[in-house]
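Chain by chain, the residues:
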Amino acid sequence: RSGRSHFVDKPDEEVKETVEHARNVLQNGTSLVVFFEGARTFTGHMGYFKKGAFQLADELQLPVVPLTIVGSFNVLPRTGGCLMASDDIGIHKPIYPQSQGIDNIKATMEEAYKEIEKSLPEEYQGKVDNPDQ
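A brief look at the structure comes next. Throughout, residues of each chain are indexed from 1 in the direction in which the sequence is written. With the structure being a predicted model, the display of local features is reserved for residues of pLDDT at least 70 and the display and counting of side-chain atom pairs for 80 or more, all residues being used for whole-chain, interface and lining totals. For the side-chain quantities, the full set of heavy atoms in the structure was used; hydrogens and water were omitted.

1. Here's the deal with a nonpolar patch on the surface
Inference 1: On the surface, a cluster of nonpolar side chains totalling about 700 Å² of accessible area is made up of Val 33, Phe 35, Val 65, Leu 67, Ile 69, Ile 89 and Ile 91.
Inference 2: Those elements that provide at least two residues to the nonpolar patch are strand E1 (67–69) and strand E2 (89–91).
Inference 3: Strands here are runs of E lasting at least two residues and helices are runs of H or I lasting at least four, both read from the DSSP assignment and numbered beginning at the N terminus. Within the secondary structure layout, Val 33 lies in the loop between helix H1 (12–27) and helix H2 (52–60). Candidate patch residues must exceed 30% relative accessible area and have no salt bridge, after which like charges are joined if within 9 Å and Val, Leu, Ile, Met, Phe, Trp or Tyr side chains if within 5 Å. Surface accessibility in these figures is a Shrake-Rupley result with a 1.4 Å probe; residues are shielded only by whichever protein chains are displayed. Here, a salt bridge means any side-chain nitrogen of Lys or Arg that lies within 4 Å of a carboxyl oxygen of Asp or Glu.

2. Section: empty space enclosed by the protein
Inference 1: Cavities and pockets were defined on a 1 Å grid built from protein atoms only: a cavity is a group of points that admits a 1.4 Å probe but offers it no way out, a pocket is an open group of points flanked by protein on both sides within 12 Å along at least five of seven lines, and a lining residue is one with an atom within 4 Å of any such point. Grid points are joined across faces, edges and corners, and a volume is the space filled by probe spheres set on the points. For the structure on display, the rule yields one cavity of 30 Å³ or more.
Inference 2: Approximately 50 Å³ is the volume attributed to the largest cavity.
Inference 3: If you trace the largest cavity, you find it lined by Phe 54, Ala 57, Asp 58, Leu 62, Pro 63, Val 64, Ile 95, Tyr 96, Pro 97, Asn 104, Ile 105 and Thr 108.
Inference 4: Of the residues assigned to the lining of the largest cavity, the class counts are nine nonpolar, two polar and one charged. As a working rule, the residues Ala, Val, Leu, Ile, Met, Phe, Trp, Tyr, Cys and Pro are called nonpolar, Asp, Glu, Lys and Arg charged, and the rest polar, with Gly in that last group.

3. A short note on helix H4 (residues 102–117)
Inference 1: Under the 1.5 Å per step criterion, the end-to-end length of H4 is 22 Å for 16 residues, consistent within 8% with the ideal 22 Å.
Inference 2: The set of residues buried in H4 consists of Asn 104, Ile 105, Thr 108, Met 109, Ala 112, Tyr 113, Ile 116 and Glu 117.
Inference 3: By definition in these notes, contact holds between two residues if any of their heavy atoms fall within 4.5 Å. Against the buried residues of H4 lie H2 and E1. Helix span, expected: 1.5 Å multiplied by one less than the number of residues in the helix. Only protein chains enter the calculation, and the probe is 1.4 Å; a residue is then buried if its accessible area is under 20% of its type maximum, exposed if over 50%, and partly exposed in between.

4. Focus: the environment of Arg 23
Inference 1: Relative to the assigned elements, Arg 23 resides in helix H1.
Inference 2: Residue class for Arg 23 comes out buried when judged on its relative accessible area of 17%.
Inference 3: Note: C-alpha distance between Arg 23 and Ala 53 (30 residues apart in sequence) is 9.8 Å.
Inference 4: Not counting chain neighbours up to four residues away, the residues in contact with Arg 23 comprise Leu 56, Glu 59 and Leu 60.
Inference 5: Two N or O atoms count as a polar contact when they lie within 3.5 Å, although within protein this holds only if one can serve as hydrogen donor and the other as acceptor, and sequence-adjacent residues are included solely when both atoms are side-chain atoms. Polar side-chain contacts of Arg 23 include one of 2.7 Å to the side chain of Glu 20.

Next up, the structure:
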């Protein structure tokens with residue numbers, strides 16, 4: 001889409017267009033990077049994951065590969081500040097679909113959350129309400 005960014009927090013028609021574009025990208029064998037939370041955190045703690053990417057992976061029966069960017073809150077905090085480099089990125093083992101449907105989606109979401117969370121510094125582990133979610 002010629003550099004155009006797509007965000008899921010848009011009106012229904014734009015969401016449908018974004019999902020269809022993602023479906024086409026994945027069906028053509030290209031990987032897709034999705035930020036499961038949908039927005040940067042105000043607290044440094046992970047927010048709750050949105051299920052759209054997990055539903056798409058379930059529909060197409062594709063694995064999800066969690067990625068942890070340790071220190072992303074400090075690299076570019078949502079509250080402002082300067083952009084700094086982060087060299088601590090963790091690529092986790094793929095989570096392959098075990099079935100299809102809501103139970104598979106929930107299990108994949110939970111496993112991805114746990115994998116990412118255990119790579120975060122202890123001070124950012126644990127669910128904390130994020131005001132933007």
